[in-house]
Protein chains: 2
Amino acid sequence: MVDVQWERFAIMACESSRAVGIFDSGVGGLTVHRRIVERLPNENVVYLGDTARVPYGTKSANTVERYARNCAGALLKEGIKLLVVACNTASAYALESLRDNLDIPVLGVVEPGAQRAAQQTRNGRIGIIGTSGTIASGEYQRAIERYAPESQVYCTACPLFVPLAEEGWVTGGIPEQIVHHYLAALLDARIDTLVLGCTHYPLLKEAIGAVVGPEVFLVDSAEATAAAVADTIEGLGIARTTEESPERRFLVTDDTNTFARVGALFLGEPITNVHWVDF
Amino acid sequence: MVDVQWERFAIMACESSRAVGIFDSGVGGLTVHRRIVERLPNENVVYLGDTARVPYGTKSANTVERYARNCAGALLKEGIKLLVVACNTASAYALESLRDNLDIPVLGVVEPGAQRAAQQTRNGRIGIIGTSGTIASGEYQRAIERYAPESQVYCTACPLFVPLAEEGWVTGGIPEQIVHHYLAALLDARIDTLVLGCTHYPLLKEAIGAVVGPEVFLVDSAEATAAAVADTIEGLGIARTTEESPERRFLVTDDTNTFARVGALFLGEPITNVHWVDF
């Protein structure tokens, strides 16, 4: 992919100081931000959380696509060189439309997660969990079909995981019972690999791990996506080279203080430089 | 209240055929719609669910107030004679601003629920449960203070109740454990009255009742609000008098089919005549 896109993005090489843009419906995509910054510590990054319209996972394809275009537009105004759709639902519903309409590389979280799962499975039985929208879109199922056509895919939407993660209620008896309720059918299907197909779910990794046991490999799309972003930036030769310390900037559509407070749990460090935007 | 407003609304009497407008962040307000239609079966009713931006309960006061103005504006275009804010969070954050800016009567769900609780309590110990926004606003607490200044009020936000209700997972061991988790402190405080301060919560009435026991009276704001709407319409002399069968119309900001399907659970009957609107 990188080769054929050289020409299209040739102009970008001289703009390597531009930021990597990341958007998500809210705070969940900060788990992706975190992995990207670990991989690419020298990059400027601007993150947009659409906190006034969160969540996307329960909304229709049309509405999510419209919101994704709004988010991408706000980030393009910031002058970005690459766009990461850090929300599984927006990746599932809007990636193609964004790629068709933007002149910068656009990466989602579905493809990298599916690829990692296909590489990882030994018995060819892969579980996918995500929001209602992500599961209903069928995008993970199709992506895994491309990378591992002989595998069996088992999917379940887990609508209570996002509110549990956002409340920070992620360990103990009740979260584990809820995890068991949703995952029982996947365990019966003897999956050996489980894709955490929502950026909130890594916060429930401990409870999920306790239920599925150590023999099931958990795929965190955030890590796989960060690797894909690093590959793309290196492949296109658009890595930031200046030695000035990089800027980290956050945009939100609802309250900045709430985002800074809740987001710190997802980013793993304090959040400053948060600004309110409206579409 | 009705007396002093006679003059202001005198012009309304000739427009009695206009609809009652109701809005909520999503489907929850249909529990209020249901009670209003039971009380006032002859009224035209237009309901707006802001399903593209639901929920309001986790969002900031500024954002909820802005959304409430958008919803009220869309309903005013329909030509309504009275506005019901059927969302507790919007009632808590935006009622005053709507009343200041509109020339029709505006009723929320907080005041009627608080008044009913104040009438009901025997030991003066009242519990309030609602979204994070509703509880943080302090509106229920202030309203109960007005009606029963000698009472003690105990509040708890229950963020998982909305997703449980929307998923229809409202009975059984896990919902009851979640209810117990949130209500334990209120039970310790020996409340005898509990306000279900969110339009979704009546769907969890069975699980809540199983946890708090029959000695705690559950206040459903929907019923209290419907009574207040009926009183206002009768008091102002703006009841619809024509014998043609009344119109029931639904507006949503996201998918119409999903609203019709999920909403039927809340309304207690099939939903038709649903239209998409954008602000």
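Since we're looking at a predicted model, the values are computed, not measured.

**Re the overall build of chain A**
Across its full length, chain A carries eleven helices and ten strands. The C-alpha atoms of chain A give 18 Å as radius of gyration, which agrees with the globular expectation for 279 residues (19 Å, within 12%). When its C-alpha atoms are laid out on the principal axes, chain A stretches across 55 × 45 × 35 Å. Buried positions account for 53% of the 279 residues belonging to chain A. In chain A, of all internal contacts separated by at least 6 residues, the share reaching a separation of at least 24 is 78%.

**Focus on the interface of chain A and chain B**
The interface is formed by 16 residues belonging to chain A together with 16 residues belonging to chain B. Mapped onto the side of chain A that touches chain B, the elements with two or more residues apiece are helix 7 (161-167) and helix 8 (173-188) of chain A. With four residues, the single largest contributor to the side of chain A that touches chain B is helix 8 of chain A. A class-by-class count of the residues in the side of chain A that touches chain B yields six nonpolar, five polar and five charged.

**Looking at the sheet that holds strand 5 (residues 125-130) of chain B**
Residues and elements named next belong to chain B. Taken together, the four strands give an open sheet; going across it, the order is 6-5-7-8, and neighbouring strands pair in parallel fashion. Each of the sheet's edge strands pairs with one partner strand only, and the pair in question is strand 6 (152-157) and strand 8 (217-220). Adjacent strand axes in the sheet meet at a mean angle of 20°, parallel and antiparallel pairs treated alike. Here strand 5 runs beside strand 6; their pairing, made up of six bridges, is parallel.

**Digging into helix 8 of chain A**
With 16 residues, helix 8 of chain A should cover 22 Å at 1.5 Å per step; its first-to-last C-alpha distance of 21 Å lies within 8% of that length. A maximum bend of about 50° is found in helix 8 of chain A at Tyr182 of chain A. Within helix 8 of chain A, the full set of buried residues consists of Pro175, Ile178, Val179, Leu183 and Leu186 of chain A. As for helix 8 of chain A, its buried residues are in contact with strand 5 (125-130), strand 6 (152-157), helix 7, strand 7 (193-197) and helix 9 (205-212) of chain A together with helix 9 (173-188) of chain B.

**Describing the domain arrangement of chain A**
Residues and elements named next belong to chain A. The assigned domain composition of chain A is domain 1 (10-108 + 224-276) and domain 2 (111-221). Domain 1 puts 24 residues into the contact, and the matching count from domain 2 is 22 residues. Mapped onto the side of domain 1 that touches domain 2, the elements with two or more residues apiece are helix 1 (30-39), helix 3 (88-101), helix 10 (221-235) and helix 11 (256-267).

**Some points on the packing of helix 5 (residues 110-120) of chain B against helix 7 (residues 139-147) of chain B**
Residues and elements named next belong to chain B. Relative to each other, helix 5 and helix 7 sit at 45°, their axes nearing to 9 Å. Judged by the angle between their axes, helix 5 and helix 7 are oblique. Seen from above, helix 5 lies across helix 7 with right-handed handedness. Side by side, helix 5 and helix 7 meet where Val110, Glu111, Ala114, Gln115, Ala117 and Ala118 of the first sit next to Glu139, Tyr140, Ala143, Ile144 and Tyr147 of the second. For the contact of helix 5 with helix 7, a count of residues per class yields eight nonpolar, one polar and two charged.

**Structural notes on the pairing of strand 1 (residues 19-24) of chain B**
Consecutive side chains of a regular strand alternate in pointing toward one face of the sheet and then the other. All names here are of chain B. Burial analysis of strand 1 places six of its six residues in the buried class, which makes it a mostly covered element. Of the two faces of strand 1, the one lined by Ala19, Gly21 and Phe23 and the one lined by Val20, Ile22 and Asp24 are each fully buried. Both strand 1 and strand 2 (residues 45-49) contribute to a ladder of five bridges, which runs parallel. The residue bridging Val20 from the neighbouring strand is Val45, located in strand 2. Tracing the backbone out of strand 1, into helix 2 (residues 30-39) and back to the parallel element strand 2 gives a crossover that is right-handed.

**Describing the relation of the copies chain A and chain B**
Mapping between the two chain copies consists of a rotation about an axis together with a translation along that axis. With an RMSD of 0.0 Å, the fit of chain A onto chain B corresponds to turning through 180° and sliding 0.0 Å along the axis. Classification of the inter-copy transformation places it as that of a two-fold axis. Identified as the residue of chain A closest to the rotation axis by C-alpha distance is Arg53 of chain A, at 2.4 Å. Most of the interface of chain A is mirrored in chain B: 100% of its interface residues are interface residues there too.

Rules and cut-offs
Residues numbered from 1 in each chain as written. Chains lettered and ligands numbered in written order. Predicted model: local features only at pLDDT ≥ 70, side-chain atom pairs only at ≥ 80, totals over all residues. Helix = DSSP H or I, 4+ residues; strand = E, 2+ residues; numbered from the N terminus. Rg over C-alpha atoms; globule rule 2.2 N^0.38 Å. Buried ≥ 20, exposed ≤ 12 C-beta atoms within 10 Å, placed from the backbone. Contact = placed C-beta atoms within 7 Å. Nonpolar A, V, L, I, M, F, W, Y, C, P; charged D, E, K, R; others polar. Pairing = 2+ DSSP bridges. Axes fitted to C-alpha atoms, helices over the stretch in contact; angles between N-to-C directions. Expected span 1.5 Å × (residues − 1). Bend = angle between axes of the 7 residues up to and from the residue. Domains from an automatic or database assignment. Parallel < 35°, antiparallel > 145°, perpendicular 65-115°, else oblique. Left-handed = near helix turned anticlockwise from the far one by under 90°. Right-handed = clockwise from strand over helix to strand, strands pointing away. Least-squares fit on C-alpha atoms with pLDDT ≥ 70 in both.

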